[in-house]
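Fold and geometry: a report
Read off the chains here:
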Amino acid sequence: MLPSCYTKPGSSGAKRCSIAKLLLGVFVVYMLHTVWLIYGFLNTRACDGDTGELCIASYLAARPRLQLSVFTCLVPDNSQLNLVVKIDPFDPLSRFNRQVNVSLPQQTRANGSLYAVVYVHKAGISPLEDSREVHYAAQLTTYITPTHTVEQRDMKRLRPRSENPVSHWKPRLPITVMSEDFTFNKAALPSDVRRYMRVSQYEQQLMYLPLLLVDELSFRMKDLMEISSRDAELPLTVSYEGISLRGFRFWVHLQDVVYSLEQFGFTEEYVDEIKETLVGSNLYLLVVTALITALQLICEFLALKNDISSWRKKKTMGGMSRNTVLWRCLSMLLIFLHLLEQTSLLVLLPVGLGACVEVWKVFKVFNIQPQLKNSKLHVKMDDEERKTVEYDTEASSYVSYLVYPLCISGAIFSLAYLRQKSYFSWLMNTLVTGVYAFGFLSMAPQLFINYKLQSVNHLQGAVLMYRGVNTLITDFCSCASFFFSAKILSSPHQLSCFRDELLFFLYLYQRRRYTPKARKRESGMHIKKLKTQ
């Protein structure tokens, strides 16, 4: 095995590095950098003025009398502001919920937008006259395509309805301020805090104004209300809660992550599920989840890299189950088509790459080399490959006795949901469900061939080990989620991983049973018995 960088003879000492190992190294460095960033905002060092550092103190430390004002406007440009909430005096350490009715302008009711501008300023004066005010503009409306229930779809046939994005109302406005009395070092000011910080000078002291933030992660698509032309007013719940510096930086990073997912092309439904997961989990659980996800990505990357490398070096397909390879190729293509309209490009790329690799394997394992003999198409095979095909056919016939009745019964059972979906969606969901439910049986012919040949040398041990470790991690996380949160495992992929473990352990048994050392030990014991007789 070559090292990551090696010197090829006759190349004048030029080094050639393995691209796969280089990418793996970059990924590991990126994960270490992410861990360092997490450690940084968990342990922000306070400024020590006694050592000569230039410090920036909190404006809230002087306990000024403040006021919180919430305005609505069509464009957040400090013009035509309509006051909807006024909290005077405003205590950053307090907590409140205020229910108000917001009047909608005619432009908003005509599929327009509306913004909320939150001000924290001196009490008793207008925020436009306060030089130390801070404000944050948040959109109270968003554009999404309206969803239809089954009854609405039936009515839609009689009365057509536009499928263009429609303005929807966000009924909650969660406001937060970093209320911790923390002193920053001007030379080591965190970049995420710098974006929200305004610095004011009072005599010889630098002070930063309140760090104001509107929690964009708390919005859920299920809470949105469609705005119609008849809605003159809509309810709005304005809530406030102070947080620490650690919590403030944590929410800023999470909002950046969600924004990045939207830029990568994730659908709104998928982003909404991610936001629910992020908000419903604590910080330490999210860190552990990120590390586990990184480990799974590394295992999947190494498995794919070793899989391609080993198949490129294969000279014979003896011992390889053609039906298993063909079934895996069809399964990957079905899953890719199923995800094509439900997820983003970031998720589709690895699935599509895996499907391309499986298609390439089909062409290679069938050794498609057409030879014209008597005007017929023949496939070139040696004796070992012919024996493998016989075993493969025999095992596939046994498996078909179980697979066909299960698939037919599953398709009949899914007919009950045909009225809620189109024919193509029903067909794709039925096929994908069959792949997840009974796909593990496709590995049975390969195990049968291993048993007949009494060997596993034709398989890629490293690939199976990496994928086995990945599956074990998925199973462990699923069990932990089940026991600690009492949630039912509803994902077909998670349920299928448990069945895949059975085949993985059977392969480990075969690998131990059919290794040369085991056969040599058994033959030695057999000879010893003959001598004693």
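In the block above lies the structure referred to throughout.
Residues numbered from 1 in each chain as written. Predicted model: local features only at pLDDT ≥ 70, side-chain atom pairs only at ≥ 80, totals over all residues. Heavy atoms only, no water.

Turning our attention to the pairing of strand β17 (residues 233-241). If a strand is regular, its side chains alternate between the two faces of the sheet. Examined bridge by bridge, strand β6 (residues 95-103) and β17 share nine bridges and lie antiparallel to one another. Of the residues in β17, the one forming a bridge with asparagine 101 is proline 235. Summarising the sheet, strand β11 (residues 172-177) and β17 pair through four bridges and their orientation is parallel. Directly across from isoleucine 175, in β17, lies its bridge partner tyrosine 240. (Pairing = 2+ DSSP bridges. Helix = DSSP H or I, 4+ residues; strand = E, 2+ residues; numbered from the N terminus.)

What follows is about the environment of lysine 275. Structurally, lysine 275 is set in helix α6 (residues 268-279). We classify lysine 275 as buried; its relative accessible area is 12%. As for lysine 275 and valine 258, which are separated by 17 residues in sequence, their C-alpha atoms are 7.4 Å apart. Once residues within four sequence positions are removed from consideration, lysine 275 is found in contact with Glu216, Leu217, Phe219, Arg220 and Val258. (Buried < 20%, exposed > 50% of the residue type's maximum accessible area, 1.4 Å probe, protein only. Contact = heavy atoms within 4.5 Å.)

Bridge count for strand β3 (residues 55-58) against strand β14 (residues 205-208) is three bridges, and the pairing is parallel. The residue of β14 that forms the bridge with isoleucine 56 is leucine 206. In terms of strand pairing, strand β13 (residues 199-202) meets β14 through four bridges, oriented antiparallel. Across the sheet, valine 199 pairs through a bridge with tyrosine 208, a residue of β14. With antiparallel pairing between neighbouring strands as the criterion, β13 and β14 make up a hairpin whose turn holds two residues, including glutamate 203 at a positive phi of roughly 55 degrees.

Here we come to the sheet that holds strand β12 (residues 184-185). The strand order across the open sheet formed by four strands is β12-β3-β14-β13, and the pairing between neighbours is mixed. Each of the sheet's edge strands pairs with one partner strand only, and the pair in question is β12 and β13.

Attention shifts here to the packing of helix α10 (residues 383-413) against helix α12 (residues 444-453). Two elements in contact, α10 and α12, have axes whose closest approach is 9 Å; the angle formed by their N-to-C orientations is 130 degrees. Looking at the two axes, α10 sits oblique to α12. Remark: the crossing between α10 and α12 carries right-handed chirality. Along its contact with α10, which presents Lys387, Thr388, Tyr391, Asp392, Glu394, Ala395, Ser396 and Val399, the element α12 presents Ala444, Pro445, Phe448, Ile449, Lys452 and Leu453. Of the residues contributing to the contact of α10 with α12, the split by class is eight nonpolar, two polar and four charged. (Axes fitted to C-alpha atoms, helices over the stretch in contact; angles between N-to-C directions. Parallel < 35°, antiparallel > 145°, perpendicular 65-115°, else oblique. Left-handed = near helix turned anticlockwise from the far one by under 90°. Nonpolar A, V, L, I, M, F, W, Y, C, P; charged D, E, K, R; others polar.)

One pass over the structure, following the stated rule, counts one disulfide. The thiol of cysteine 329 is unpaired, and the distance to the nearest cysteine sulfur, on cysteine 356, comes to 9.5 Å. Classification of cysteine 329 as buried rests on a relative accessible area of 6%. (Disulfide = S-S within 2.5 Å.)

Let us look at the side chain of glutamate 358. Summarising the element assignment, glutamate 358 is placed in helix α9 (residues 345-365). In this structure the side chain of glutamate 358 is engaged in a polar contact, spanning 3.0 Å, whose partner is the side chain of arginine 328. (Polar contact = N/O pair within 3.5 Å; in protein donor to acceptor, adjacent residues only side chain to side chain.)

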